[in-house]
Every structure is written in C-alpha cells, then in structure tokens.
Amino acid sequence: MRHYLTVLGLVLLPICCTASFVTDCAALSTLLPGKVFYTNSTVYDSSVKSYYFVEERLNPTCIVRPTSTSDVAIVVKYTADCPSALLSIKGGGHSPNIGAANADVGVTLDLRTLNAVSIQSGGLITSVGAGALWQEVYRVLDTYGLAAVGGRVATVGVGGLITGGGLSAFSPEHGFACDNVVNMELVLASGAIVNANETSHADLFAALKGGQNNFGIVTRFDIRSFQQPDYWGGGVEYTSDSDEDQILAFAKFKDPENFDPHAEIEQSFLYTAADNSRISSNNMFYTKPVVNASALADFTAIEPQLSNTMRISNTTDFAKEMAMYQPADTLAVYATTTFNVSLPALQSILGIWNTSVHELSHIKSLLAVLTFQAIPPVPPASGPQNSLGFTPNSHPERDLVLCLLSNYWTDASASAEIQAATQSLLEEIEAITQKDGVDVRYKYMNYAAKWQDPIMSYGTTQVEKLREVAAKYDPSGFFQAKVPGGFKLSRS
Ligand SMILES: Cc1cc2nc3c(=O)[nH]c(=O)nc-3n(C[C@H](O)[C@H](O)[C@H](O)COP(=O)(O)OP(=O)(O)OC[C@H]3O[C@@H](n4cnc5c(N)ncnc54)[C@H](O)[C@@H]3O)c2cc1C
C-alpha cells in the first residue's frame, strides 16, 4: 500500500506500508532523522536498560526518542496508518508487568526525552514533560519551596503514575496525583494534538485519569503546585516481634475518626528467603514541619527499632531515600486489592501472607513484601472528575485500605511458581475481605498484576463512559489494537 503521511495538516512523505517491523522503523527513520535507534547503539541499549524491572528489558525493532509533541504525532500517525505497525509507550519504565511499556517487536516510543519541567503562574502550576521522572520534578520545585502530588520514589515516571491514579505523601490532603492535573497535552489516534482540561475535551480529560494509554499519548501534564515547607518523614524498621502492635496501630490510624490530612504511611512486612528473615518497615510522612507528629506516634513508639531515619527534610531528599529501599534489577510481580479498614481482616491477611511466603522459602532470591496504605479521600464535589469510580461524597473513602503484594526475585525459573502463589494468595485475601463484608471493588491500576483488570474495577458506569470516550476520540480502536501493552479497555 502506498499513501501519504499527514500530520498537523502537512503532507510529509509518501510512505510505503509493508508487513514488516523493519520497514516501519526505516520509514520512521526517514520521517524522524536522528531520533530512531537500533539495537547495539548506545541510545537503544541505555533505553532498554532503563526499565526498572528485568522482564521489561525487551528488544523492540527500534526505539524512537521524540524531542517534541509533533514527533509523537508523527509516530502515532504512522503506526495508525500502517497495518503491520505495533507501538509500545514508555514513560519512566517502572511497570513490573511484562509488555506494559515495551515489546520484543515493533516500535517503542521512549518519552524520556520529553522531560522539561517549568513553573508557571507564580508557582501555582508546574508544566511537566510526560517522560520526566519525579526526581526531576522535585528538584525544580524544591528550589522554589514548592511541592506537587507525585510519586514517593525518585525514579518513578510521571506518565504512568499520573495516568494510573498516583499515590503520594500529599494524597491524604490533595487526593490522587491525577486529580491535581489541570491540563494534559496529548496526541490522539488520528495524530491530532489536543489539550484536555475541565473546559476543553472534559470527557477525555476525566478518562485519561485512570485510563493510562487507552485514549492518547500524554506529552505534557500541567499540575497544581503549592508552597511546601520542609516536613517530617523517613523510614523506620522493626523486628517481626512488633507485628501485632503494627497492625493495631494501622487499624487505629485508618479509623476515620483519626484522619489527619497531613499524615501518610506505607506499612510493610518483609520476608527474605535467603536468610529466612522477617522484619517490618514503615515509610511515614507528616507534611508539616512537626517532629513526632501525634498522628504517627503509635508507629514511632514501637520498639525495638532496627533503624530510624525520621527527620525534617524536603521532597527530593525523601524521594531519594525511598528509592534506596526499593529492590531494582529484579523480576517482580505487584498485585493489589482494596477493603474498608477492619482489624480482624488486617490480622488475618498478615497471618495468611506469613504462611504463604514461608512456603516459598526454597526460592532463595525471593523478597516478599506485604504493604498496607491508604486510598486517599475523594476530592471535594467541586473538584475535577476522574475515571476511578469514586463519586464525591458517595463513600467514606477515609477508611479505605490498599493492600499491595510485591514479590521480587532473580531466578527466572521461579517466575511461574511465584506468579501462581501471588494470585492464589490474593484470592485468599479477597475471600477474607468478602467474608468480613469489607471488600471494595476498586483495584489500583499502578499496583495491579497483569492478570488483574483494574479498569473493570472502576465499575460499569465508568466503563461505559470510558467506552464512549474511546469511540469518540479513537473510533478505530488504535490504542487497544496497536498499542498492546498495559491494561486495556475492552470495547464491548
Ligand atoms: C520503585 C517503584 C516505586 C513506586 N512508587 C509509587 C508511588 O509512590 N506511588 C504510586 O502511585 N505508584 C508507585 N509506583 C507504581 C507506579 O506508579 C507505576 O509502576 C507506574 O505505572 C509507573 O509509571 P512509569 O511511567 O514509570 O511506567 P511505564 O512502565 O513507563 O508506564 C506504565 C504504563 O503507563 C503507560 N504510559 C506511560 N506514560 C504514558 C503517557 N505519557 N501517556 C499514556 N500512557 C503512558 C505505558 O504505556 C504503560 O502501559 C512505584 C513503582 C515502582 C517500581
């Protein structure tokens, strides 16, 4: 087939589409000279290596590094028009799900080059290139005494985190990161570049908040920023002797009566198979310059402590520290569920997790982690809409607990066993929350396993709306058919 590629109304080049990924890459090289990279080049290799988890380090036919939104539009238009072409979209490359942001064939669009950060409107808004990492955002914001609702770990990408929801130290006060976006610039399946916000393409704007790569490729987020003095935070590690105290403190913390919009915690229980050891660890923030904030006192009072880094500092410093605690360069699975806080459910979940991970003790490279944290309250009724299925004022969101199972290992021959054990443990956990009547439908996309369906968990009303938005902005289903990675909206 011979046709002409047009972007922004300009006829660029006659392009011959053939059923070959190699030809697709050659055509893109002509359209985007110097921006298409092949295996064994430094740029290609460093892009592949930059995926956080080993399993995502796949080898696409070529990697495109755009330097402008128009470059992204050219890639989308080409891929949409050529029957053979397949596209992967990479932000910070932190998804543990194989194929989410890369593939062994086709074109991978690595957005990392779109990483400009600039402060607007006297600090009220910050424009962030969709390929930026949160550390790049915080470095700029901290210089001006500002902060924004973003990832807690320095190396995580802006693009995937925001479009999947986004949990932050500032979430108890400000909600999901996606609820703090005022505008998204994106490329649609047609190659058109549009801005989505509350007054322009408002339906698309809501869909993108939780819809990840199903509607377009976001190239820039304009996010709210705010004055933020240095605040109290850090990590504390404990022996497993304190498990019961930890759970009691967490249940009390999550009681809506005790809600404090400045207090945030990720409570983790860790099992290391190599030495059969168990510890627990709390990463905590109080987003005011208050040492020993009473909202977190039950956790900081627990003894004995193996380490304690609680201090007053800024977001860049905390994000760097949180990155040090995260295992990198491993195989991994994340899986998640949500429930209304319940002390018996928390105790039972910790109990069955303990049993389950000890059954995997023969996999010597395994690090297994169970984490409890909060789903943030919904923004006020007047606030922006998202597609996560939380209707303002319809639910006492202050009592929602997010349960994350994360397992890390290096021995690929153990992958099937660990995936199966994680899936069966999650089923057992959901059986407990259902039996106790505290189960909640919502599953957080950014912590969901490949075998989960976070989009369906938003509820039928939301899914219907998402389908309408997809039919309006992407009638040919490009983002489902030709961008196979990530969680897909089923179109019927
Ligand atoms: C070490 C670590 C720490 C983490 N900390 C947090 C945390 O504090 N809070 C939290 O909420 N989550 C956290 N997460 C989870 C994280 O939010 C998700 O893994 C998220 O998807 C990462 O985004 P990314 O851009 O780095 O990932 P990628 O793997 O590049 O992308 C993930 C998905 O998003 C799509 N995507 C990426 N950019 C765009 C774009 N511009 N337009 C459209 N689609 C896009 C990709 O196609 C892919 O399907 C953490 C994960 C890790 C590994």
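Cut-offs applied
- Residues numbered from 1 in each chain as written.
- Predicted model: local features only at pLDDT ≥ 70, side-chain atom pairs only at ≥ 80, totals over all residues.
- Heavy atoms only, no water.
- UniProt positions renumbered as here; feature names shortened; annotations may be inferred.
- Pairing = 2+ DSSP bridges.
- Helix = DSSP H or I, 4+ residues; strand = E, 2+ residues; numbered from the N terminus.
- Axes fitted to C-alpha atoms, helices over the stretch in contact; angles between N-to-C directions.
- Contact = heavy atoms within 4.5 Å.
- Buried < 20%, exposed > 50% of the residue type's maximum accessible area, 1.4 Å probe, protein only.
- Domains from an automatic or database assignment.
- Buried area = accessible area lost by both parts, 1.4 Å probe.
- Salt bridge = Lys/Arg side-chain N within 4 Å of Asp/Glu carboxyl O.
- Polar contact = N/O pair within 3.5 Å; in protein donor to acceptor, adjacent residues only side chain to side chain.
- Nonpolar A, V, L, I, M, F, W, Y, C, P; charged D, E, K, R; others polar.

Looking at an unreviewed UniProt entry, one finds the chain named FAD-binding PCMH-type domain-containing protein, with Talaromyces stipitatus as its source organism. If you open the UniProt record of the chain and go to Sequence similarities (unreviewed entry), you find "Belongs to the oxygen-dependent FAD-linked oxidoreductase family."

1. Quick notes on the sheet that holds strand β11 (residues 193-197)
As summarised here, the arrangement of the 5 strands in space is β7-β8-β12-β10-β11, forming an open sheet in which the pairing is antiparallel. Since the sheet does not close on itself, it has two edges, and those belong to β7 (117-120) and β11, each with one partner. Each neighbouring strand pair of the sheet contributes to a mean axis angle of 20°, computed without reference to strand direction. Each of β10 (181-187), β11 and β12 (217-224) is contacted by helix α3 (residues 69-81), which is oriented at about 50° to β10, the strand it contacts most. Across the sheet, helix α4 (residues 134-143) touches β7, β8 (125-129) and β12, and the angle it forms with β7 is around 40°.

2. A closer look at unusual backbone geometry
The omega angle of the peptide bond from Glu303 to Pro304 is -5°, so this bond is cis rather than trans. Note on placement: Pro304 falls in the loop between α9 (297-300) and β17 (305-308). A positive phi angle, close to 45°, is found at Gln212, a residue other than glycine. Among the secondary structure elements, Gln212 is positioned in the loop between α7 (202-211) and β12. The buried category is assigned to Gln212, whose relative accessible area is 17%. Although it is not a glycine, Asn276 adopts a positive phi angle of roughly 55°.

3. Considering the domain arrangement of the chain
Taken domain by domain, the chain consists of domain 1 (2-113), domain 2 (117-227) and domain 3 (231-447). Centre-to-centre separation of domain 1 and domain 2, based on C-alpha positions: 23 Å. Between domain 1 and domain 2, the contact holds 17 residues from the first and 18 residues from the second. Both faces combined, the contact of domain 1 with domain 2 buries some 1400 Å², and carbon together with sulfur accounts for 68% of it. Where domain 1 meets domain 2, there are 1 salt bridge. The partner of Glu136 in a salt bridge is Arg112, with the nearest N and O atoms 3.0 Å apart. Here domain 1 is connected to domain 2 by 5 residue pairs in polar contact (both at pLDDT 80 or more). The leading source of residues in the side of domain 1 that touches domain 2 is α3, at 7 residues. Considering only residue class, the side of domain 1 that touches domain 2 consists of 11 nonpolar, 4 polar and 2 charged.

4. Quick look at the pattern of salt bridges
Scanning all chains against the criterion turns up 18 salt bridges. One salt bridge in this structure joins Asp71 and Lys35, with 2.8 Å as the shortest N-O distance. Of this pair, Asp71 sits in helix α3 while Lys35 sits in the loop between α1 (21-31) and β3 (36-37), and the two are 36 residues apart along the sequence. For Asp71, a relative accessible area of 6% puts it in the buried group. Counted as one network, the salt bridges with shared partners bring together Arg65, Lys90 and Asp110.

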